[in-house]
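Inside the fold
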Amino acid sequence: MMEKKLLLEVKNLVTEFKTDDGIVKAVNDVSFDLYRGETIGIVGESGSGKSVTSLSAMRLIPNPPGRIASGQIIYHTKDGKQIDLVKISEKEMQSFRGNELAMIFQEPMTSLNPVFTCGNQVMETILLHQKVTKQEAEKLTLELFEKVKLPDPKRVLNAYPHQLSGGQKQRVMIAMAMSCKPGVLIADEPTTALDVTVQKTILQLMNDLKKEIDSAVIFITHDLGVIAEIADRVLVMYKGRIVEQGDVVSIFESPKHPYTKGLLACRPPLDLRLRVLPTVTDFMKEENGQIIELQSSVEEAIKNVIVTKEDTLKRRAELMTREKILQLKGVKTYFPSKRDFFGNVKDYVKAVDDVTFDVYEGETMGLVGESGCGKTTLGRTILRLAPATAGEIIYKGRNVLDLNQADMLDLRKEMQIIFQDPYSSLNPRMTIGNAIMEPMMVHGIYGSDKERKEKTIELLEKVNMKPEQFARYPHEFSGGQRQRVCIARALALNPKFIICDESVSALDVSVQAQVLNLLINLREEFKFTYIFISHDLSVVKFMSDRMVVMNKGKVEEMGYADDIYNNPSNEYTQKLIQAIPKGSLEDIKRNKAARMA
Amino acid sequence: MPPHQIACIKSSKSPIEALERMIANYGNWPEIQNYYVQIAALQYSTYDVQQDSTTYESGRTLKENIASLFTKYKDEEIKQGFAEMKAAIAQSPNFKGVGVEMAKLETSYKAVQDNATPSKNYIPKLYWYGMHNQFHRWMFGDKKWFSSEEEPGKGSGFIRADFGFSYTDKRPVWSKMKDALPWTLLLNAISLFLAYLFSIPLGVWSARRKGTIADRITTFVLFLMNSLPSFWIATMLITFLTTSEYGMNFFPTFGLGDIDDEMTWFEIAMERGYHLILPVFCLTYGSLAYLSRQMRGGLLTVLRQDYIRTARAKGLDEGRVVWRHAFRNSLIPIITIFASIFPAAIAGSFIAESIFSIPGMGKLSLDALFSRDYPVVFTVMMLSAILTMVGNLFADIMYAVVDPRISFNK
């Protein structure tokens, strides 16, 4: 065991926000220590105060409305001084930011200034905190870019952020954060917006760099799986408080708090097939601010919902006897990428390139692949929201691509889509009740508005919302609630066939479980057929009977979800599966040992 | 008074009304035109009649009847007139020539009735004169292209830099503009410069203090400034600050001052500047308020962006966060506004220039409008249309300069 040097002490931190409903304590009496060379993970759902904790440490809480009300954040400098970051002046704090404490943000797409080159932005930090000339700073930046394994560092130096991919931008952010060899590196959901394969390399990179400059990392995420990959210790936050903290192995092995148990159980497991996912609400409920434990064992909760091998086989055999509801034959969707002077297309982006598969009635077909693989375009092409270049899409014996407007309108009633972003797919100026009623009015189903309203309320109840929320506006709801409204809207026309396009990707793991369970229950109740599109293989595997792995517009592999996961024959699929953070105990122990070595 | 004269007076209308009613009844303009020409010919033929005792009384009846035809439109009245005229012609052999014309008149009237097409009155008819129209002349001219031949009375048109001659004083339009343009340019250059000079720091200043008392007061004052009409402000300024009536005779009332040959350039500048203070103020305060509102709004949007948080997390001080990282991103709306202000800088301001009697482009075009001096109006309009396009082009280029994500290479 190596000697532990204290680096950062957070003592009784309270951060408040002034809202219309009075003062809200976003961080309430939080204390923890951070040692040099260590990675701690802060985990919790959105609104739990994990981001606010880290922003407090940087003193970047937007003021007004927020402020650090009380507490101490003591930073131990290399020469042994102890400085309370809450007390020092803004001017002094500026010399700490970027220099001693650096931060990486969730959205690499928007976290870099679009009007400056990447090199420029990294050099700015170096020039600010180190006494070097411009030429030296440029050299240091190039070295950093090489260290974060950016391809062609010289090009990146002069490239603007929009010319890089998401993963590359996050590498630039890491280079910027590491540039002054900070003591504490705070990473706020740095990989949430990235593909799993990219996530894996970024996590690896952060770990290597941390070791090299002997700093400590505070890693914030809602996903315990990621925590398992990188953290030594874990803090679990719930409603502004730390409800549990401890070594990563002990948290995974024997979680104490029911909320932690809920978080652990609600991740779609890769090695088992479950009927529904256990959720946080299975483990605890809140009464008058008191948390009451309902169930004590994670294993027990999972055991209750497990689907046996026989049942799986039975369902498979039964599905195969049904009608093929949808057949894709050589579907291609090309977008023009280059045009000559006269507007004639010179080159194409092959978003979907010769895809063929069938979907049986009542089945859930998963579509999985990294961003840009064409899975979303394929979903949109099936609904004719994107133009198909070639091929046939046969739905119940009719080629969707040949239908005229009137027939298409009929078809739209049967085929619905649930989009990724619950924030932008609802009109902010329309009450959720009207949003659900609108498709009914467009298609003229149900006789009167009164009937439609009754039906809407019924739908709201079906997706576990309250009837009195009918006249509320989308901004009053959380992401999970909004996604449920979107589901209710898709159900408004009594569809038979639903495409879920990354429908849970924007949600926290705990909320994701609730929405997935809802989708499964609806499938059983209404006998829906789903096409479930996601970049997250564990979610797709949990939802689907069969799945299709897509890469660069083409089908890489297709088959039963469990079979593909257990024996991936394709190299790309293997890579994808390997990159998923499993969160199994053996992995955690192995990772930890690797980090210590 | 003879009875037919009474009848004539009874139905007497103005000739124009009679003609309009004829057209309304029959709707065939060529025939009606022919009929009127024939009346005139008949009238003319009476002048050649040899005067004697037989023609004395009947000649008068005839002439009165012919003259009254111009005010008649009812069929029976015209027919009655014809009958009386024919009776008069029969009175004397001297009317032989008149009789010939009279017969022609009857034929032409019959043609009006026979070819009546009143429905044509309700069907619009389109005429296409091709290139033979005034706008085309102003635009392209009627001179031969690529020839040095003198063609008196013909112009070479706007696109060949010939703006024609003013209707009012026959001076070339270009020479009138040459006198007016420098004043407008001077006025607007100063005003635009001041507006941008003050509005940008003011916008940034109040954005950084969003929600504070200082920001609220600034917002209120700027909003007030933005909504006060400049003609009112100009009138108030002239009334109170330029006469001794209220004891504040600080500024000249109008014009640009007198310059004589003996003044040094400094004295000239002082004299001009003294006269320009009020007009420049009137031109500036509105755009200043509007621009700084836009700047504040744009900057506030940018300050909420993630990359601003990144900049702060680097340890940059607030000044550098705002001026280096946020400012450039918030320039797009300011550039857009410049594109729309730019044409006005040349076309001039109607209000300020006419109230302060500054002989600039605004006053020139306003005077031209009132006196229907179309060559001047046309030229000013065309120039501002072109400048609008130039302004937009400039804005498009500036967008790409400011924001590397905008590129024209696609």
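Residues numbered from 1 in each chain as written. Chains lettered and ligands numbered in written order. Predicted model: local features only at pLDDT ≥ 70, side-chain atom pairs only at ≥ 80, totals over all residues. Heavy atoms only, no water.

Here we come to the confidence of the model for chain B. Residues and elements named next belong to chain B. For chain B, mean pLDDT is 85; residues scoring 70 or higher make up 96% of the total. Low confidence marks residues 5–10, where pLDDT is under 50. Its contacts with residues over four positions away, or in another chain, come to four contacts. For this predicted complex, the interface confidence score (ipTM) comes to 0.78, while the overall pTM stands at 0.73. (pLDDT = per-residue confidence, 0-100. Contact = heavy atoms within 4.5 Å.)

Moving on to the interface of chain B and chain A. Listed as interface residues are 20 residues of chain B and, on the opposing side, 28 residues of chain A. Summed over the three residues of chain B that lose the most area to chain A, namely Arg309, Lys314 and Arg324 of chain B, the buried surface amounts to 28% of that side. Inspection of the chain B/chain A interface yields two salt bridges. Residue Glu124 of chain A is joined to Arg324 of chain B by a salt bridge in which the shortest nitrogen-to-oxygen separation is 2.7 Å. At the junction of chain B with chain A, the criterion picks out twelve residue pairs in polar contact (both at pLDDT 80 or more). Going through the elements one at a time, helix 12 (306–313) and helix 13 (318–326) of chain B are the ones with two or more residues in the side of chain B that touches chain A. The leading source of residues in the side of chain B that touches chain A is helix 12 of chain B, at six residues. (Buried area = accessible area lost by both parts, 1.4 Å probe. Salt bridge = Lys/Arg side-chain N within 4 Å of Asp/Glu carboxyl O. Polar contact = N/O pair within 3.5 Å; in protein donor to acceptor, adjacent residues only side chain to side chain. Helix = DSSP H or I, 4+ residues; strand = E, 2+ residues; numbered from the N terminus.)

Our focus in this paragraph is the sheet that holds strand 7 (residues 184–188) of chain A. All names here are of chain A. On the basis of which strands lie adjacent, the open sheet formed by six strands has the order 6-7-8-3-9-10 and mixed pairing. What marks the edges here is a single partner per strand, and that holds for strand 6 (101–104) and strand 10 (241–247). Between one strand axis and the next, the sheet turns through 20° on average, direction left out of account. With four bridges joining them, strand 6 and strand 7 adopt parallel strand pairing. Bridged to Ile104 within strand 7 is Ala187. Of the strands in this sheet, strand 6 and strand 7 are in contact with helix 6 (residues 166–178), which crosses strand 6 at around 175°. The sheet contacts of helix 10 (residues 258–265) involve strand 3 (39–43), strand 9 (233–238) and strand 10, and relative to strand 9 the element is tilted by about 105°. (Pairing = 2+ DSSP bridges. Axes fitted to C-alpha atoms, helices over the stretch in contact; angles between N-to-C directions.)

Looking now at the state of the cysteines. All names here are of chain A. Inspection of the entire model under this criterion finds zero disulfides over all chains. Not part of a disulfide, Cys373 finds its nearest cysteine sulfur in Cys500, a span of 16 Å. Of all cysteine sulfurs, the one in Cys486 lies closest to Cys500, which takes part in no disulfide; the gap is 11 Å. (Disulfide = S-S within 2.5 Å.)

Between the first and last C-alpha of helix 17 (residues 449–462) of chain A there are 19 Å, a value that for 14 residues agrees with the 20 Å anticipated at 1.5 Å per step. In this fold, the buried residues of helix 17 of chain A make contact with helix 16 (432–442) and helix 18 (479–491) of chain A. (Expected span 1.5 Å × (residues − 1).)

On to a nonpolar patch on the surface, then. All names here are of chain B. Taken together, Ile213, Ile217, Phe220, Val221, Leu224, Leu228, Phe231, Trp232, Phe350, Ile351 and Leu369 make up a surface patch of nonpolar side chains, about 1,000 Å² in accessible area. For the nonpolar patch, the element with the highest residue contribution is helix 9 (residues 213–227), accounting for five residues. With respect to the helices and strands, the residue Ile217 is situated in helix 9. (Patch = residues over 30% accessible without salt bridge, like charges linked within 9 Å, V, L, I, M, F, W, Y side chains within 5 Å. Areas by Shrake-Rupley, 256 points an atom, 1.4 Å probe, with all protein chains shown as cover.)

A few words now on the side chain of Arg523 of chain A. Relative to the helices and strands, Arg523 of chain A is located in helix 19 (residues 509–526). Engagement of the side chain of Arg523 of chain A in a polar contact is seen with the backbone oxygen of Met543 of chain A, the distance being 3.1 Å.

Looking now at the pairing of strand 21 (residues 546–551) of chain A. All names here are of chain A. Burial within strand 21 is extensive, with six of its six residues counted as buried. Side-chain alternation along strand 21 places Arg546, Val548 and Met550 on one buried face and Met547, Val549 and Asn551 on a second face that is also buried. Bridge analysis of strand 15 (residues 364–368) against strand 21 gives four bridges, and the strand direction is parallel. Residue Val368 lies in a different strand from strand 21, and its bridge partner there is Val549. Here six bridges tie strand 21 to strand 22 (residues 554–560), and the two strands are oriented antiparallel to one another. From the neighbouring strand, Val549 faces strand 22, where its bridge partner is Glu557. Following strand 21, the chain reverses through two residues before pairing antiparallel with strand 22; Lys552 in that reversal takes a positive phi of roughly 50°. (Buried < 20%, exposed > 50% of the residue type's maximum accessible area, 1.4 Å probe, protein only.)

Within the structure shown, the criterion is met by 42 salt bridges over all chains. For Arg405 of chain B, the salt bridge goes to Asp403 of chain B, with nearest N and O atoms at 3.0 Å. Residue classification places Asp403 of chain B among the buried positions, given a relative accessible area of 9%. Salt bridges linked by common partners bring Arg273, Arg316, Lys541, Asp562 and Asp563 of chain A together as one network.

Scanning all chains against the criterion turns up 24 aromatic pairs over all chains. Ring centres of Phe526 of chain A and Phe528 of chain A lie 5.4 Å apart, and the angle between their planes is 25°; on these two criteria the pair is classed as stacked. When its relative accessible area of 3% is taken as the criterion, Phe528 of chain A is described as buried. The rings of Phe135, Trp138, Phe158, Phe163, Trp174 and Phe378 of chain B are connected pair by pair, giving a single aromatic cluster. Directly above the ring of Trp145 of chain B sits Arg160 of chain B, whose terminal nitrogen or CZ lies 3.8 Å from the centroid. The residue whose ring lies beneath Arg328 of chain B is Phe116 of chain A, and the NZ or CZ to ring-centre distance is 5.5 Å. (Phe/Tyr/Trp six-rings, centres within 6.5 Å; stacked < 30°, edge-to-face > 60°. Lys NZ or Arg CZ within 6 Å of the ring centre and 35° of its normal.)

Attention now moves to the packing of helix 3 (residues 118–129) of chain A against helix 4 (residues 134–147) of chain A. Residue and element names in this part refer to chain A. Where helix 3 contacts helix 4, the axes come no closer than 9 Å and their chain directions differ by 115°. Note on packing geometry: the crossing formed by helix 3 with helix 4 is right-handed. The residues of helix 4 that touch helix 3, namely those facing Cys118, Gly119, Val122, Met123, Ile126 and Leu127, are Lys134, Ala137, Glu138, Leu140, Thr141, Leu144 and Phe145. Its residues assigned to classes, the contact of helix 3 with helix 4 shows nine nonpolar, two polar and two charged. (Left-handed = near helix turned anticlockwise from the far one by under 90°. Nonpolar A, V, L, I, M, F, W, Y, C, P; charged D, E, K, R; others polar.)

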